[in-house]
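Secondary and tertiary structure notes
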Amino acid sequence: MRVDEVLGRVTLVTGKEEFLGARVVQDAKTTVRGHDPEAEVSDAVASELTGASLDELSAPSLFSAVRCVVVLGLENLPEESVDGLLAYAAAPSEDVGLVLVHGGGQKGSGVLAKLRKLPAVTEHRSEELKPSEFPQFVAAEVRRHGARIDREAADVLVEAVGRDLRALSAAADQLASDFAGEQIGEDKVRRYFGGRAEAKSFAVADAAFAGRPRVALEELRWALDTGTPAVLVTSAFAGSARGLARFVGASRGMRDADLAREVGVPPWKLRTIRDQSRSWNDAGLARAIRAVAQADADIKGAASDASYTLERLVLTITGLRAAR
């Protein structure tokens with residue numbers, strides 16, 4: 001992103017694919033910080049947004065005139081705050097980058113329609129990928145990190161790692177780092193991911209969310225000993241947590257096929273999620289999601305021992321379930 005695409009404008013992020021949406025948000029923040037290292041970056045939730053709080057968020061602070069404000073959950077914006085938001089979006093402050101994130105679905109679609117008509121609003125759609133689009137995503141991720149990959153190799157990577165975009169991105173990053181500037185072929189992908197890392201990672205996550213710590217720790221040690229990247233384990237935990245949260249919030253009157261589409265899992269996975277959901281509530285899931293996010297951040301930068309971080313995550317998740 002260029003700075004003139006963020007500051008003085010409104011970046012509208014829409015769609016259900018959380019990874020792509022989060023990337024746009026991060027790109028906007030990085031752009032603003034690159035323009036002004038002292039810029040103030042803040043997050044807010046739309047459900048708590050009022051006219052007064054929007055004015056406060058978009059006004060220059062005591063420390064910097066440049067700001068980046070991210071408003072999450074636009075679909076939950078109170079009706080009484082709509083006019084104020086639209087008025088701001090029609091004439092945004094030149095030193096403020098406002099990022100609005102809508103999670104997809106029909107809720108709040110009226111606000112989206114009005115925002116899309118405003119000249120200062122740029123929309124970034126983060127729709128869920130079709131099966132045929134995953135190899136293209138892999139190729140783009142590898143190029144993003146300075147390497148190239150064959151179509152056949154991209155197909156093998158999707159087969160090995162699965163269709164979680166965060167895990168695919170991490171796998172592409174690892175390959176591109178180890179083969180910088182090279183053409184990555186099928187042999188290299190099979191060497192790194194031929195053991196079906198996704199299956200190993202999800203075995204750990206499934207056991208943890210089912211409240212079986214000993215099994216989860218055994219699966220974890222086996223996965224790490226056989227070369228499964230730590231980031232794929234946290235990605236599997238994130239996928240399991242999202243699937244559980246969507247299942248808990250979904251309508252119980254749906255057919256299994258429709259419910260599977262709503263939750264974002266294959267139909268055969270529903271039985272596992274249904275069994276797990278009996279021992280989880282909203283508060284426990286919220287804490288679990290935060291624990292997974294913290295472990296993921298630790299592994300990607302702050303943690304010196306990924307194994308310890310993952311073992312602690314397993315015990316945290318099983319403990320949250322048991323404490324319900």
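Everything below is about the structure shown above.
So, here's what we can say about the structure.

Some points on the overall build of the protein chain
Secondary structure summary: the protein chain contains 15 helices and 7 strands in total. In terms of overall dimensions, the protein chain is globule-like: its C-alpha atoms have a radius of gyration of 21 Å, near the 20 Å expected for 324 residues. Its C-alpha atoms give the protein chain principal-axis dimensions of about 55 × 50 × 40 Å. Within the protein chain, residue pairs in contact and separated by at least 24 positions form 76% of the contacts whose partners lie at least 6 positions apart. Carbon and sulfur atoms provide 49% of the accessible area of the protein chain, an area that totals close to 16,000 Å².

Topic: the nonpolar core
Ranked by size, the top nonpolar core spans 34 residues in total, and within it Phe209, Phe237, Trp280, Leu313, Val314 and Ile317 carry the most contacts. Element by element, the count of residues in this core is highest for helix α11 (residues 230-249), at 8 residues. Setting aside chain neighbours within four positions, we find Ile317 in contact with Ala208, Phe209, Phe237, Trp280, Ala288 and Val292. Core analysis: the next-biggest nonpolar cluster, separate from the first, contains 31 residues, Leu157, Ala170, Ala172 and Val231 among them.

Let's talk about the pairing of strand β4 (residues 96-102)
Along β4, 7 of the 7 residues are buried, which leaves the element largely enclosed by surrounding structure. Both faces of β4 are covered, namely the face carrying Val96, Leu98, Leu100 and His102 and the face carrying Gly97, Val99 and Val101. Taken together, the 6 bridges between strand β1 (residues 9-14) and β4 define a ladder with parallel strand orientation. Bridged to Leu12 within β4 is Leu100. Where strand β3 (residues 67-72) meets β4, 5 bridges bridge the pair, whose relative direction is parallel. By the bridge assignment for β4, Val71 is matched with Leu100. As for the winding sense of the linkage, the β-α-β connection from β3 through helix α3 (residues 82-90) to β4 is right-handed.

Here we look at the packing of α11 against helix α13 (residues 270-277)
α13 packs onto α11 with a crossing angle of 75° between their chain directions and a minimal axis gap of 10 Å. Relative to α13, the element α11 is oriented roughly perpendicular. Contact residues: Gly243, Leu244, Phe247 and Val248 in α11; Leu270, Ile273, Arg274, Gln276 and Ser277 in α13. Residue composition of the contact of α11 with α13, grouped by class: 5 nonpolar, 3 polar and 1 charged.

Let's talk about the sheet that holds β4
The parallel open sheet is built from 5 strands, whose spatial order is β2-β3-β4-β1-β5. Looking along the sheet, the strands with just one partner apiece sit at the ends: β2 (40-45) and β5 (121-125). Strand-to-strand twist across the sheet, computed as the mean angle between neighbouring axes with direction ignored, equals 20°. Packed onto the sheet, helix α1 (residues 18-35) meets β1, β2, β3, β4 and β5 and runs at close to 165° relative to β3.

Here's the deal with the side chain of Ser240
Counting through the fold element by element, Ser240 comes out in helix α11. Since its relative accessible area comes to 7%, Ser240 is described here as buried. Each residue touching Ser240, except ones within four places of it in the same chain, is listed here: Phe202, Ala205, Asp206 and Phe209.

What to know about the pattern of salt bridges
Evaluation of the coordinates by the stated rule reveals 14 salt bridges. In this structure, the salt-bridge partner of Asp164 is Arg242, at a minimum N-O distance of 2.9 Å. Of the two residues, Asp164 sits in the loop between α6 (151-161) and α7 (165-178) while Arg242 sits in helix α11, which places them 78 residues apart along the sequence. Judged by its relative accessible area of 21%, Arg242 falls in the partly exposed class. Its salt-bridge partner being Asp275, residue Arg278 comes within 2.7 Å of it at the nearest N-O pair. Classification of Arg278 as exposed rests on a relative accessible area of 56%. Connected through shared salt-bridge partners, Glu18, Asp164, Arg242 and Arg246 make up one network.

Reading the values: rules and limits
- Residues numbered from 1 in each chain as written.
- Predicted model: local features only at pLDDT ≥ 70, side-chain atom pairs only at ≥ 80, totals over all residues.
- Heavy atoms only, no water.
- Helix = DSSP H or I, 4+ residues; strand = E, 2+ residues; numbered from the N terminus.
- Rg over C-alpha atoms; globule rule 2.2 N^0.38 Å.
- Contact = heavy atoms within 4.5 Å.
- Areas by Shrake-Rupley, 256 points an atom, 1.4 Å probe, with all protein chains shown as cover.
- Core = buried A, V, L, I, M, F, W, Y, C linked by side-chain atoms within 4.5 Å.
- Buried < 20%, exposed > 50% of the residue type's maximum accessible area, 1.4 Å probe, protein only.
- Pairing = 2+ DSSP bridges.
- Right-handed = clockwise from strand over helix to strand, strands pointing away.
- Axes fitted to C-alpha atoms, helices over the stretch in contact; angles between N-to-C directions.
- Parallel < 35°, antiparallel > 145°, perpendicular 65-115°, else oblique.
- Nonpolar A, V, L, I, M, F, W, Y, C, P; charged D, E, K, R; others polar.
- Salt bridge = Lys/Arg side-chain N within 4 Å of Asp/Glu carboxyl O.

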